[in-house]
Amino acid sequence: MIRLLAAEWLGFRSRKIVRWLMVLTVIGIALVGVIAGSVSHKSSPADLTRAEQAYETDVAECIRQDGFGAELPPGAPVEDYCRSLFSESDYAPDGLKLDDLDEIVLGAAFIVVLIGLVIGASMVGAAWQSGTVTTILTWEPRRVRWFFARVAVVGLGATLVGAALLTILAFAIGLATALRGTTATSTPWLADTTLAIARIALVGGGVAMIGAAVAMIGRHTAAALGAVFVYMAVLESIVRGLRPGLGRFLLGDNIGVAVTATRTSLFQGESMFVLTPQHGALVIAVYVLVLVGAAMVLLRARDVN
Amino acid sequence: MAAVIEIQGLRKEYRRLRGGRTVAVDGLDLEVPEGGVFGFLGPNGAGKTTTIRCLLGLVAPSAGALGMMGEAIPTGLPRVARRIGAIVETPALFPRFTGRRNLEILARIDGIGRSTIDAVLERVSLTGRAGDLVKTYSLGMKQRLGIAAALLKDPALLILDEPANGLDPAGIVEVRELLRQLGAEGRTVFISSHILSEIQQTADRVAILARGRLVTSGPVHEVLAARGGQGLIVRLADPDAGLAALSEAGIVTARHGDGLRVDLPAAEAERVSRTLAARDLFVTELRPDEADLETVFLELTRDPEGPS
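Computed from a predicted structure; not experimentally measured.

Caption draft 1: The arrangement of the sheet that holds strand β14 (residues 283-288) of chain B in detail. Residues and elements named next belong to chain B. What the four strands build is an open sheet, ordered β12-β13-β11-β14; its pairing is antiparallel. Strands at the two margins of the open sheet, each flanked by one partner only, are β12 (253-256) and β14. Going across the sheet, the axis of each strand differs from the next one's by a mean of 25°, ignoring polarity. Pairing analysis gives three bridges linking strand β11 (residues 232-236) to strand β13 (residues 259-262), with the strands arranged antiparallel. Note that in β13 the partner of leucine 232 across the bridge is valine 262. Sheet strands in contact with helix α10 (residues 269-278) are β11, β13 and β14, and its direction is about 160° off that of β14.

Caption draft 2: View of the interface of chain B and chain A. Between chain B and chain A, the residue contacts involve 26 residues of the former and 22 residues of the latter. Looking at the side of chain B that touches chain A, the elements that each hand over two or more residues are α2 (77-80) and α3 (99-109) of chain B. By residue number, the principal contributor to the side of chain B that touches chain A is α3 of chain B, which donates six residues. Residue composition of the side of chain B that touches chain A, grouped by class: 19 nonpolar, two polar and five charged.

Caption draft 3: Layout of the nonpolar core. Ranked by internal contacts, the top residues of the largest apolar core, which has 156 residues, are Val105, Leu166, Ala212 and Ala213 of chain A together with Ala148, Ile159 and Phe190 of chain B. In contact with alanine 148 of chain B, not counting residues within four places along its chain, are Leu103, Val120, Leu121, Arg123, Val124 and Leu126 of chain B. Ranked by size, the runner-up nonpolar core spans nine residues in total, among them Ala245, Leu246, Val262 and Leu264 of chain B.

Caption draft 4: Broad picture of helix α8 (residues 109-130) of chain A. Residue and element names in this part refer to chain A. Compared with an ideal rise of 1.5 Å per residue, which puts 22 residues at 32 Å, α8 spans 31 Å between its outermost C-alpha atoms and is within 8% of the ideal. The sharpest bend along α8 comes to roughly 30°, located at serine 122. Across the 22 residues of α8, 17 count as buried, placing the element largely inside the fold.

Caption draft 5: Looking closely at the environment of glutamate 185 of chain B. By the element assignment, glutamate 185 of chain B lies in the loop between α6 (169-184) and β8 (188-193). Judged by C-beta crowding, with 11 C-beta atoms within 10 Å, glutamate 185 of chain B ranks as exposed.

Caption draft 6: Focus on the sheet that holds strand β3 (residues 36-41) of chain B. Residue and element names in this part refer to chain B. Ordered in space as β6-β7-β8-β3-β9-β10, the six strands form an open sheet in which the pairing is mixed. In this open sheet, the two strands that pair with only one neighbour each are β6 (84-87) and β10 (213-219). Averaged over all neighbouring strand pairs, the angle between strand axes comes to 10°, with direction disregarded. Direction of pairing for strand β7 (residues 157-161) relative to β8: parallel, over a ladder of five bridges. Bridging from a neighbouring strand, aspartate 161 pairs with serine 192 of β8.

Caption draft 7: Local environment of the confidence of the model for chain B. Mean pLDDT over chain B works out to 84, with 92% of the residues at or above the 70 mark. For this predicted complex, the interface confidence comes out at an ipTM of 0.72, alongside a pTM of 0.74.

Caption draft 8: Inspection of the packing of helix α13 (residues 251-260) of chain A against helix α14 (residues 277-301) of chain A at higher detail. All names here are of chain A. Interhelical geometry of α13 versus α14 gives an angle of 135° and a closest axis separation of 8 Å. Between α13 and α14, the crossing angle belongs to the class labelled oblique. Handedness of the crossing formed by α13 with α14: left-handed. For the pair α13 and α14, contact is made by Leu251, Asn254, Ile255, Val257 and Ala258 and by Pro277, His279, Gly280, Ala281, Val283, Ile284 and Tyr287, respectively.

Caption draft 9: Spatial organisation of the pairing of β12 of chain B. In this structure, β12 of chain B lies alongside β13 of chain B, joined through four bridges in antiparallel fashion. Within the sheet, the bridge partner assigned to histidine 256 of chain B lies in β13 of chain B and is glycine 259 of chain B.

Rules used throughout
Residues numbered from 1 in each chain as written. Chains lettered and ligands numbered in written order. Predicted model: local features only at pLDDT ≥ 70, side-chain atom pairs only at ≥ 80, totals over all residues. Pairing = 2+ DSSP bridges. Helix = DSSP H or I, 4+ residues; strand = E, 2+ residues; numbered from the N terminus. Axes fitted to C-alpha atoms, helices over the stretch in contact; angles between N-to-C directions. Contact = placed C-beta atoms within 7 Å. Nonpolar A, V, L, I, M, F, W, Y, C, P; charged D, E, K, R; others polar. Core = buried A, V, L, I, M, F, W, Y, C linked by C-beta atoms within 7 Å. Buried ≥ 20, exposed ≤ 12 C-beta atoms within 10 Å, placed from the backbone. Expected span 1.5 Å × (residues − 1). Bend = angle between axes of the 7 residues up to and from the residue. pLDDT = per-residue confidence, 0-100. Parallel < 35°, antiparallel > 145°, perpendicular 65-115°, else oblique. Left-handed = near helix turned anticlockwise from the far one by under 90°.

Structure representation (structure tokens):
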């Protein structure tokens, strides 16, 4: 199995589409960094003083009004409560801020997930179109074993590609912020950004496996991309419109929740459904397992012509 | 002689989209002995490629039993795949990878080293182009790369579907020599082809398939002799005198172009030569009257319902 994985990994690394997607995205990231840096500006000491004063004024007002009437536990300092209400970064001058880095990274989530889908679909679809499935199966006739290796490599590869691209993005924006933005922070920006990168990259890997599974079922890259697009953009939209509560089972909603790590509430009539990041991750995993399982069953059952 | 390929009652049907079924292979029985080159012949649509796909576990038979190297197929295929090299139809390789990278990916599956890759590239004369993308290769180069891929495993059994497809005359000769060498090394080379002259020059044994059924099989010379009838072709300076001499000796003889055709088996060629020499007539050519493989093939694969 290790040899098979090694062979698949070599194939993955050699794929031109992976390289091209990475090159194009890095170029895009560089442009974003340059544009973001050019429209931002480094805060002057006066700007920072004004922001600090505004923050302190709001905190003082909160303290004066006893935390705006909040019911605090006995002995709890009102000042701590008031400072927790306001974030210093919200008062920072406009422009790039390190505290916003995780938000910027989250903004790139759609592209990374899309790249994962394209990589997954093309890794399997191209093998059918070029006929290399036949060649590989003359070397490894255990079809399920081969497909398992390919899906594992696709998932791992797409995750690593996504993580690499987001890290480059974060580095580029971080650099632009250091040069022409606000580096004063009031949040654990590094941990938030790292976790955001990890979540997006993992979801991208999962979506890549979904793309690979659909391409295995359809035996074609374009058919797989088309099917996933129609499902997510059309079918899920219709379901979401008709029965919002079913959003808890839809891929799109759960990808959103898993990537942003925020709870979302869905309302349908009198009912309310809360989507948690854990729920989102679980639903994505179920989609991956069901589709990969279906692809394996069909690969075993159908002739390879 | 042990059989490396055994096929009994193989049948493969495909469902048509608009109902009904197409029978690609219809009760095929075949045994391929170990060693040498075995030609698997048949017109387009005869079921050759389907048979090969069934052997390689790519297509599930509708009925019948298959075996290779003592293992039932497809269940035992993983145990013998390491010893079988195969090309099915046009070699399917990654067009956007180099020839070498294609081989490296396959080699990694079996833990085959770089030196073996170099050796097979050398053997198919592709060393100089190994670093080029496969999409820039001619069809003949792709065929050679496919053969190189099949040879990577140092296989005991090679299954090659139309290996001479797309090759130029020099390439055909090269592949012919390569296949002969491989057969002479003790490997079994199972070739499907429609280039009959190639098979006649390369194969030790043949099987001819028509409409999904086996119509004949055996050593090439036996298949040819069985269909060509018994006879000898004689050429000499004075064919009329030769005709008279042989007829007087009680040998059934007839004019055949600018020579004679004698109705005797090849084993009695000496009698013809001796009879003529006794009359001071000396042969310039004396050979068995065999049909070539093409004639036999066309005769055996003729569609009985088609134009005669």
